[in-house]
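Chains, contacts and geometry: an overview
Each chain is listed here by its residues.
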2 protein chains.
Amino acid sequence: MIELAALGTVVTLGRGTAVYREGDEAPHWYRVLSGTGCTSKLLPDGRRQIAAFLHAGDYFGFEALGEHGFAAEAITDMVVVRYPKLRTEALARTDGTVSRRFREIACRSLLAAYERLITLGRKTAGERVATFLLELARTAPDGKTIGLTMSRTDIGDYLGLTLETVSRTLAAMKHDGLIEMAGPHHVLLLDRPALEEMTEGDEPALRVGRA
Amino acid sequence: MIELAALGTVVTLGRGTAVYREGDEAPHWYRVLSGTGCTSKLLPDGRRQIAAFLHAGDYFGFEALGEHGFAAEAITDMVVVRYPKLRTEALARTDGTVSRRFREIACRSLLAAYERLITLGRKTAGERVATFLLELARTAPDGKTIGLTMSRTDIGDYLGLTLETVSRTLAAMKHDGLIEMAGPHHVLLLDRPALEEMTEGDEPALRVGRA
DNA sequence: CGTGTGGTTGACGAGCCTCAACATCCGTGG
DNA sequence: CCACGGATGTTGAGGCTCGTCAACCACACG
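Every residue gets a number counted from 1 within its own chain, in the order that chain's sequence is written. Starting at A for chains and at 1 for ligands, labels are handed out in the order in which the entities are written. Predicted model: local features are reported for residues with pLDDT of at least 70 only, side-chain atom pairs are reported and counted for 80 or more only, and whole-chain, interface and lining totals are derived from all residues. Computation of side-chain values covers all heavy atoms of the structure but excludes hydrogens and water.

**A few points about the packing of aromatic side chains**
Two aromatic rings from Phe, Tyr or Trp, using only the six-membered ring of Trp, form a pair when their centres are within 6.5 Å; if the ring planes differ by under 30 degrees the pair is stacked, by over 60 it is edge-to-face, and anything between is tilted. Applying the stated criterion to the full structure yields 20 aromatic pairs over all chains. Each ring, one from Phe70(A) and one from Tyr114(B), has its centre 5.4 Å from the other, and the planes form 55°; the classification is tilted. Taken together, the residues span two chains, with Phe70(A) in the loop between strand E6 (59-60) and strand E7 (71-74) and Tyr114(B) in helix H2 (residues 96-122). Side by side, Phe70(A) and Tyr114(B) carry an identical accessibility label, which is buried. Centroid distance Phe53(B) to Tyr158(B): 4.5 Å. Interplanar angle 35°. Geometry classified as tilted. Linking Phe53(B) in strand E5 (residues 48-54) with Tyr158(B) in helix H4 (residues 152-159), this pair joins segments that are 105 residues apart in sequence. One aromatic cluster is present, built from ring pairs that chain together Trp29(A), Tyr59(A), Tyr83(A) and Phe102(A). Lying over the aromatic face of Tyr158(A), Arg116(A) brings its terminal NZ or CZ to 3.6 Å of the ring centre. Secondary structure counts use DSSP, requiring at least four H or I residues in a row for a helix and at least two E residues in a row for a strand, with both numbered from the N terminus. With a 1.4 Å probe rolled over the protein chains alone, any residue whose accessible area is under 20% of its type maximum counts as buried; one over 50% counts as exposed, and the rest are partly exposed. Whether a charge sits over a ring comes down to the Lys NZ or Arg CZ being within 6 Å of the ring centre and within 35 degrees of the ring normal.

**Regarding the protein's contact with DNA strand D**
For this purpose, a residue is taken to be near a molecule or strand whenever a single non-hydrogen atom of the residue falls within 4 Å of it. Close to DNA strand D lie 17 residues; Ala125(A), Thr165(A), Arg152(B), Ser167(B) and Arg168(B) are nearest. Each atom of DNA strand D within 4 Å of the protein was classed as base or backbone; sugar and phosphate made up 61%. The side chain of Glu164(A) places a nitrogen or oxygen atom 3.0 Å from a base nitrogen of DNA strand D. As used in this structure description, the phrase polar contact means that two N or O atoms lie within 3.5 Å; if the pair is within protein, one of them must be able to donate a hydrogen and the other to accept it, and residues adjacent in sequence are counted only when both atoms belong to side chains. Between DNA strand D and the protein, one listed contact pairs a phosphate oxygen with a side-chain N or O atom of Thr165(A) at 2.4 Å. Every element with two or more residues in the surface near DNA strand D is listed here: helix H5 (163-175) of chain A together with helix H5 (163-175) of chain B. No other element matches the five residues that H5(B) contributes to the surface near DNA strand D. Residue polarity is assigned by list, with Asp, Glu, Lys and Arg as charged and Ala, Val, Leu, Ile, Met, Phe, Trp, Tyr, Cys and Pro as nonpolar; anything else, Gly included, falls into the polar class. Considered class by class, the residues forming the surface near DNA strand D number five nonpolar, seven polar and five charged.

**Comments concerning the sheet that holds strand E3 (residues 28-34) of chain A**
Residues and elements named next belong to chain A. Paired strands are those between which DSSP finds at least two bridges. With antiparallel pairing, the four strands of this open sheet are ordered in space as E1-E8-E3-E6. The open sheet has two edge strands, strand E1 (9-13) and E6, and neither has a second partner. Bridge count for E3 against strand E8 (residues 78-84) is six bridges, and the pairing is antiparallel. Considered in E8, the bridge of Trp 29 is made with Tyr 83. Here helix H1 (residues 85-94) sits on the sheet and contacts E3 and E8; the angle it forms with E8, its principal contact strand, is near 60°. Here, two residues are considered to be in contact whenever any of their heavy atoms come within 4.5 Å of each other. To obtain an axis, a line is fitted to C-alpha atoms, over the contacting stretch when the element is a helix, and the angle between two such axes runs from 0 to 180 degrees between their N-to-C directions.

**Observations regarding the relation of the copies chain A and chain B**
For the pair chain A and chain B, the best superposition has an RMSD of 0.0 Å and corresponds to a rotation of 180° with a translation of 0.0 Å parallel to the axis. The superposition of one copy onto the other is thereby described by a two-fold rotation axis. Of all interface residues in chain A, 100% are interface residues in chain B too; the two copies therefore contact each other through one and the same surface. Least squares is used to superpose the copies, and the fit set is the C-alpha atoms of residues whose pLDDT is at least 70 in both copies.

**Overview of the UniProt feature "domain: HTH crp-type" (unreviewed entry) in chain A**
UniProt positions are given in the numbering used here, feature names are shortened, and annotations may be inferred rather than shown by experiment. The UniProt entry lists residues 123-193 of chain A under the feature "domain: HTH crp-type" (unreviewed entry), expressed in the numbering used here. Secondary structure across residues 123-193 of chain A comprises 51% helix and 14% strand; the distance between its end C-alpha atoms is 18 Å.

**Some points on the sheet that holds strand E6 (residues 59-60) of chain B**
Strand pairing in a sheet takes place through backbone hydrogen bonds and is either antiparallel or parallel in direction. Residues and elements named next belong to chain B. Spatial strand order, E1-E8-E3-E6: four strands in an open sheet with antiparallel pairing. Edge strands, defined here as strands with exactly one partner in the open sheet, are strand E1 (9-13) and E6. Sheet strands touched by helix H1 (residues 85-94): strand E3 (28-34) and strand E8 (78-84). Its angle to E8, the strand with the most contacts, is close to 60°.

This is how it looks when you write it as structure tokens:
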């Protein structure tokens, strides 16, 4: 019996290089081993939206049907495993476990994307940055020491803000004692409950009557 | 051999009723036969984001792993087919075609969600409304006569705008000769190329040098 | 040391939101 | 059949948030 792992090729990517571009044929999908990347799309006038940051363990590129709708690039040096779609498709056809696994990966990505819709559509700058920080903190060993491996521009393009607004919002959080910063790329969450409250917006002032 | 169709139950839903709520257990997934619905999520203070409008042929609810992260409701009277997850899971395990079908549905939804990220994160009000109109026009018989079955509030919650901005933007488009309206719920696209150009933002003014 | 890239901070303005008044549509009941 | 009332949509005035433009700073690298 074929194993999924046997179909993968390890690929090393230097910081800033493209894994694939928007419009490329999509014969492979990928999994991150180490480093940080992102998937993004440009509007003709240069505005950019990052769909997802890619961290160790994340899958990407599998959602493309014909060609890639989004580009993928390495933000830091990055190591990924590349899988050929055709052969993994064939494997999925015979192996129910693999097939189910694929479905679960797609569903998790979809759930994450839906969460991001509310962030981009309805949250304020402060709420977006708080959401982002807590998202990163989920994978931090101690849950509060965060390394920002991406630039302010990248964070802005991820959150639908400008780099200036990201910078200002972080400064305000520092000023308010919510976070501490050791250089531009190291954040320590000081007041997690306050940040969590920020991500959801305050409850409306005591609702009288119905629950 | 079991057929997928044999596992579905037809359910009729009155306008405004919930298919399921955020946090509900998710034993079923659904497909729309007729009518319009939406999936949405609320922030504690009442801000709402609509993740997707649901039209005939659309699948929804399958992405939930444990419980639903988003609510689903009928905007107009609606008929859906409800499928039990456990039994369709079992079917997918044995039938490669069904399994592949599920993966494809999930990937299509994911691609649509990614497209919406750039709409919500980077587009102006005018661009968002234009994107929305063209999205609806894709399923119109003549490609330009659109019935808006949802309210201005729903459109706003879908596009990350207020209902007033939606109304004003449509008025501006009418004024500019891009669309014509016969009542608040019937739109005719008059200048498709102009609308299409709007969805992508104008090209930057002639770039000199590198392509 | 220069030079370049990325980050911070400030001043200002545009775009969209908020609040409010008014219009229109539609179902209901007299 | 028409009058009423509520829900939905439109339009206007003003304000706030965040974007734009610009200057300055910090660090990495040759």
